[in-house]
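Chain by chain, the residues:
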Amino acid sequence: CDVSGSVVAHVRFVLLFLYALQGAVADVRSFAFSHRLFDVSAPLAQLPFEDAMDLILKEVGGGATDYGQAWLDLQQLHADCIDKRTTLLVLGDGRSNQTDPRLDIFAQLADRAKRVVWLCNEPPVRWGSGDSCMLQYRPLCSHLTHCASAADLDRAIDEALGAYA
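Bear in mind the structure is a predicted one, so any value in this text is a computation, not a measurement.

What counts and what doesn't
Residues numbered from 1 in each chain as written. Predicted model: local features only at pLDDT ≥ 70, side-chain atom pairs only at ≥ 80, totals over all residues. Heavy atoms only, no water. Helix = DSSP H or I, 4+ residues; strand = E, 2+ residues; numbered from the N terminus. Buried < 20%, exposed > 50% of the residue type's maximum accessible area, 1.4 Å probe, protein only. Axes fitted to C-alpha atoms, helices over the stretch in contact; angles between N-to-C directions. Parallel < 35°, antiparallel > 145°, perpendicular 65-115°, else oblique. Left-handed = near helix turned anticlockwise from the far one by under 90°. Contact = heavy atoms within 4.5 Å. Core = buried A, V, L, I, M, F, W, Y, C linked by side-chain atoms within 4.5 Å. Pairing = 2+ DSSP bridges. Expected span 1.5 Å × (residues − 1). Arc of directions from axis to C-beta.

Colleague: Mind showing me how you'd approach the overall build of the protein chain here?
Modeller: If you tally the helices and strands in the protein chain, you get seven helices and five strands. Taken from the N to the C terminus, the helices and strands of the protein chain come in the order α-β-β-α-α-α-β-α-β-α-β-α. For the protein chain, the spread of C-alpha atoms along the three principal axes comes to 40 × 35 × 35 Å. When the 165 residues of the protein chain are sorted by exposure, 47% land in the buried category.

Colleague: Whenever I open this one, the packing of helix 4 (residues 67–78) against helix 5 (residues 103–112) confuses me. Can you help?
Modeller: Two quantities define a packed helix pair, namely the angle between the helix axes and the distance between the axes. Where helix 4 meets helix 5, the axes come as close as 9 Å, and the angle between the chain directions of the two elements is 45°. The angle between helix 4 and helix 5 falls in the class oblique. Judged by the sense of rotation from one axis to the other, the crossing of helix 4 with helix 5 is left-handed. Every residue of helix 5 that contacts helix 4 at Trp71, Leu72, Leu74 and Gln75 is listed here: Ile105, Phe106, Gln108 and Leu109.

Colleague: What should I look at first to understand the nonpolar core in this one?
Modeller: Note on soluble globular proteins: their nonpolar side chains tend to be buried together. Core analysis: the biggest nonpolar cluster contains 25 residues, and Trp71, Leu88, Phe106 and Trp118 have the highest contact counts within it. No other element matches helix 4, which puts five residues into this core. Contact partners of Phe106, with chain neighbours within four places excluded, come to Trp71, Leu88, Val90, Val116, Trp118, Tyr137, Leu140 and Cys141. Counting residues in hydrophobic clusters, the runner-up holds 23 residues, among them Cys1, Leu21, Val60 and Leu119.

Colleague: Where do I start with the sheet that holds strand 3 (residues 87–91) in this structure?
Modeller: Neighbouring strands of a sheet are bound in pairs by backbone hydrogen bonds; such pairs are parallel or else antiparallel. One open sheet holds the three strands; their spatial order is 3-4-5, and the pairing between them is parallel. Each edge of the open sheet carries a strand with a single partner, namely strand 3 and strand 5 (143–146). Strand-to-strand, the axes of this sheet are offset by a mean angle of 10°, without reference to chain direction. Two elements, strand 3 and strand 4 (residues 115–120), share five bridges in a ladder whose sense is parallel. By the bridge assignment, Thr87 is partnered in strand 4 with Arg115.

Colleague: How do you make sense of helix 1 (residues 11–24) when you look at a structure like this?
Modeller: An α-helix turns once every 3.6 residues. As a result, residues three or four positions apart point the same way. With 14 residues, helix 1 should cover 20 Å at 1.5 Å per step; its first-to-last C-alpha distance of 20 Å lies within 8% of that length. Turning to helix 1, its buried residues number three or more, namely Val11, Val14, Leu15, Phe17, Leu18, Leu21 and Gln22. An end-on view of helix 1 places all buried positions within 150° of arc, on one side of the element. Opposite its buried face, helix 1 presents the exposed residues Gly23 and Ala24, each directed more than 90 degrees away.

Colleague: Hey, could you run me through unusual backbone geometry in this one?
Modeller: Most of the time, phi is negative for any residue but glycine, and the peptide bond is trans. If you check the backbone angles, Asn97 has positive phi at about 50° while not being a glycine. Mapped onto the secondary structure, Asn97 falls in the loop between strand 3 and helix 5. With a relative accessible area of 35%, Asn97 lands in the partly exposed category. For Gln98, which is not a glycine, the phi torsion comes out positive at approximately 65°. One can find Gln98 in the loop between strand 3 and helix 5. On the accessibility criterion, Gln98 (67% relative accessible area) is exposed.

Shown next as structure tokens:
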């Protein structure tokens, strides 16, 4: 989950989604990042939502995004939690502030997982503009969709679950 400054308007929404997943899906590991990736599973599982959100934003949020560094951190520190049973769910805008998006590492992570589902808070017309790397990440995703509201989330979940049918 990207909690950088560029997604500040959607941070509460995506963290609430992650919070709900903690109680609904077995074996969920949750990570948040701006420029570095942090495992936020414990606060999401153990604290009331507002406290978990405040802690995550204090420790991780608001900085400049570096997706490449986040993928590197995930690979080096947590690759063992991704296997052919894993759905890698990415919540973020794919804007990497002119840093290397590390498509090579993302491709390796995607290859380890059963599927990659990316929910992007920006509409498709903005993908590829400025520092957006969404068009580069798109071929590596099993499913990529715009998701910026509860209605979008409902649709995205239906689409993603359709892949299991």
